[in-house]
Amino acid sequence: MTPDLDNADETIVQTPRAVDRREMLDRLVKLGAASLAVALACGSSLAPIARAAAAGATSQKYRYGMVVDTKRCVGCKSCMVACKAENKTPPGVSYTVVVENGFGERPGDRPLFLTKPCFHCQEPACTKVCPVGATYKRKQDGIVVIDYDRCIGCRYCIVACPYQARYFDFGENYPATSDKTAYAGIPSPEYGQFRTREDGQSPIGNVRKCTFCLHLQDSEGKYDKAAGRWPACAKTCTGKAIHFGDFNDPQSEVSLLLAARQPVRLKEELGTEPNVYYLL
Amino acid sequence: MSEKVLKTAFWTAGIILILAGAWAWYDRWANSDQHTNYTSLVPWGLWVAVYIYFIGLSAGAFLVSSLVYVFQIKRFESIGRLALFTAVVTLLMALLSISADLGHTFRAWHVLVYPNFTSPMAWMIWLYTAYFILVVLELWFVLRHDLVVGAKAQGARATLYRILVFGSKDESEATDASDRQIVRILATIGVPLAIMFHGGVGSLFGAISSRPGWHGGLFPILFLVSALASGGALLVVASAVFQDGLRKHRETVLALGTLVLGLLLLDVLFQVSEALVGFYGNEPDKIENLKLIYSGPYWGVFWFWQIGVGTLIPLALLALPSRKDARMVAVASALIAVGFLAVRLNIVIPGLASEQVKGISAAFNSDRVTTDYVPSAMEWLFSAGIVGIGLVLFGIGEWFLPKHHDSSSEEVSNVNA
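Residues numbered from 1 in each chain as written. Chains lettered and ligands numbered in written order. Predicted model: local features only at pLDDT ≥ 70, side-chain atom pairs only at ≥ 80, totals over all residues. Heavy atoms only, no water.

Caption draft 1: Layout of the overall build of chain A. Check the secondary structure of chain A and you find nine helices and 10 strands. Sequence-distant contacts in chain A: of pairs separated by 6 or more residues, those separated by 24 or more amount to 64%. Total accessible area on chain A stands at roughly 11,800 Å², and carbon and sulfur atoms take up 56% of it. (Helix = DSSP H or I, 4+ residues; strand = E, 2+ residues; numbered from the N terminus. Contact = heavy atoms within 4.5 Å. Areas by Shrake-Rupley, 256 points an atom, 1.4 Å probe, with all protein chains shown as cover.)

And the structure:
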């Protein structure tokens, strides 16, 4: 577990979860009323106006993201293991994966590894399609989250995501969970909700994804690398390939890296504007 | 005679299929999604294909009914009610399939209370909810007069009729006239509604730019054409089974056959256009999708089921002189009705079964992170159970609704009078 968990716990309990949801509902109601009026008035040009209304109501304080230096990645996959340990994801669900030669075959025999969490896009294709608004981009920090209690499990977001960053929880368990060992009693800290796995209960039957370990944020929404409150993959990366931080802060490590090197993002042509950049 | 054989076969099939599906139904509710074979990379499978198949049949059947209730084309009068009833039953079947597909079925109501206006799926659901209400109302007004008349008799059926008409005994010509007026208005509203909701189903796929196999403006239109072709074909089969249509409504069946032939050719034109433009454009992801359909692991579903059973044989039967034989038209229609499930499968599965990020299925060793998808036995049986339920619903409808064959042609000519 994380070295500073006790400390983290306190902050987790007061994560602005409830406020979030209330605000979200409020926003949805407003958005709904606005859209309905627009729909009645002119019918067709609904989506852009609805988005403009939503955009007007948001002001993003942080823009969290990653810069992954592929030259430093050795393909050890400890980010995947760390993520599993942190989020207690079931079999078949891995919030980050390490893909070999994700940019296609390359000359020579040196593979290019790509660690691929959710990109928390600026224009997410996934949130747009959710029929119930269960997955959305948080206005305070741009993290794309899923409200497990609202999600109906239709998996449309998995279909829409161009990066295959989303996984469905089929309800399968590792033996340690299904045999009801002590491990089964340890909840997942995800979203600060501390759920244990119960048959038929969320997140089983939901879509799941990387949250940039937002349960490790303090009440201000800040991470603290020195205190260990840092996304598990970035914290554990053996080659220090995964750099995490706030792109809104021009002095952050990630901002400086973007300025110094030539970054690339996957599938720019789709206009999703990922917040995870790769350095080749 | 042959009608009796068809009906016995029909009831037997319905009951066997329901029994076969019963285990799968139990398993789905007891073990949620554990015994399904879809994955996080191919997140939609057989149940979604079955869903768009049935919902297409519903939209198609309803649009054919508009030939009677909106466009007043006399030749199709005798299948008007049957078409409406088919639209209701197939929509119910579609909803059963998609309800099983949801990870949290009992949260389906969230779509109504937490609306997201940018979601094509949400729009589709709202539109077919409206459509469902409209079709049921329209069917009620179409049948109302006959229900009132039937309610005067004795027995269970008459009691049911009395409940359905809320005890009304109104047989007056004035009320009948207002019924006809209401039916015409409902049917007229229904046409754009059905086009929007099924176009919405197509948009749900076509709008997704990350899936090059689907993305494009042709897709919603293609959905509508396939819906009309398969819905029209299903009506021929239903008429043969329930109305003794091959003898009593031969002209209608032959006319429907011609209509279906035209729609099927239009569908082929669209598919060929997709393929030619796709291959010529040489975009790797689009090519990969087309190759998956034509020569991937599902090539048999395309060449034998969709092209052979669903397209070439029916085209031949409907275009050659056999088009004047009602039985051959019925056979061709049955083949189309069955073959179009393959059309739906070939949209859903190859559209998803490729890596969006190269190497992702090798990155993570799991049966749930793979592009290999073949429906599990549970998925097949579940869908079979839905077909069984649909057949039995048809049978029940035939038993308790005012008969299509003896009164309907007379009834509908009244509508036109």
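Alright, that's what it looks like, and here's the rest.
Caption draft 2: Examining the interface of chain A and chain B more closely. The partner chain B presents 49 residues to the 56 residues of chain A that form the contact. Surface buried jointly by chain A and chain B totals about 4,200 Å² across both partners, of which 61% is contributed by carbon and sulfur atoms. Where chain A packs against chain B, one counts two salt bridges. The partner of Arg368(B) in a salt bridge is Glu172(A), with the nearest N and O atoms 2.8 Å apart. Here chain A is connected to chain B by 27 residue pairs in polar contact (both at pLDDT 80 or more). Counting residues per element, the ones that place at least two in the side of chain A that touches chain B are helix 2 (17–42), helix 4 (78–87), strand 2 (97–100), helix 5 (125–129), helix 6 (156–160) and strand 6 (166–168) of chain A. At six residues, the largest contribution of residues to the side of chain A that touches chain B is made by helix 2 of chain A. Of the residues that constitute the side of chain A that touches chain B, the class distribution is 30 nonpolar, 15 polar and 11 charged. (Buried area = accessible area lost by both parts, 1.4 Å probe. Salt bridge = Lys/Arg side-chain N within 4 Å of Asp/Glu carboxyl O. Polar contact = N/O pair within 3.5 Å; in protein donor to acceptor, adjacent residues only side chain to side chain. Nonpolar A, V, L, I, M, F, W, Y, C, P; charged D, E, K, R; others polar.)

Caption draft 3: The arrangement of the sheet that holds strand 10 (residues 276–279) of chain A in detail. All names here are of chain A. What the four strands build is an open sheet, ordered 8-1-10-9; its pairing is mixed. Strands at the two margins of the open sheet, each flanked by one partner only, are strand 8 (242–246) and strand 9 (263–264). In the packing of helix 9 (residues 253–260) onto the sheet, contacts are made with strand 1 (64–69), strand 8, strand 9 and strand 10, and the angle to strand 8 comes to roughly 110°. (Pairing = 2+ DSSP bridges. Axes fitted to C-alpha atoms, helices over the stretch in contact; angles between N-to-C directions.)

Caption draft 4: Just the packing of aromatic side chains, in detail. Residue and element names in this part refer to chain A. Evaluated as defined, the whole model comprises 43 aromatic pairs over all chains. Ring centres of Phe168 and Phe170 lie 4.9 Å apart, and the angle between their planes is 90°; this geometry places the pair in the edge-to-face category. Geometrically, the ring pair formed by Phe212 and Phe244 is edge-to-face, given 5.1 Å between the ring centres and 75° between the ring planes. With a gap of 32 residues between them, Phe212 in the loop between strand 7 (207–209) and helix 8 (232–236) and Phe244 in strand 8 connect regions that are remote in the sequence. The residues Phe212 and Phe244 share a single accessibility class, namely buried. Among the aromatic residues, those joined into a ring-pair cluster are Tyr62, Tyr64, Phe212, Tyr223, Trp230 and Phe244. (Phe/Tyr/Trp six-rings, centres within 6.5 Å; stacked < 30°, edge-to-face > 60°. Buried < 20%, exposed > 50% of the residue type's maximum accessible area, 1.4 Å probe, protein only.)

Caption draft 5: View of the environment of Leu256(B). All names here are of chain B. Residue position: Leu256 is located in helix 10 (residues 250–281). Taking the relative accessible area as the measure of exposure, Leu256 reaches 1% and is therefore buried. In sequence terms Leu256 and Ala233 are 23 residues apart; their C-alpha atoms lie 7.7 Å from each other.

Caption draft 6: Geometry of helix 9 of chain A. All names here are of chain A. Buried within helix 9 we find Val254, Ser255, Leu257 and Leu258. Each buried residue of helix 9 sits inside an arc of 160° when the element is viewed along its axis, so together they form one side. Away from its buried face, by an angle of more than 90 degrees, helix 9 presents the exposed residues Ala259 and Ala260. Buried positions along helix 9 lie against strand 1, strand 8, strand 9 and strand 10. (Arc of directions from axis to C-beta.)

Function-wise, these values are silent; they only describe arrangement.
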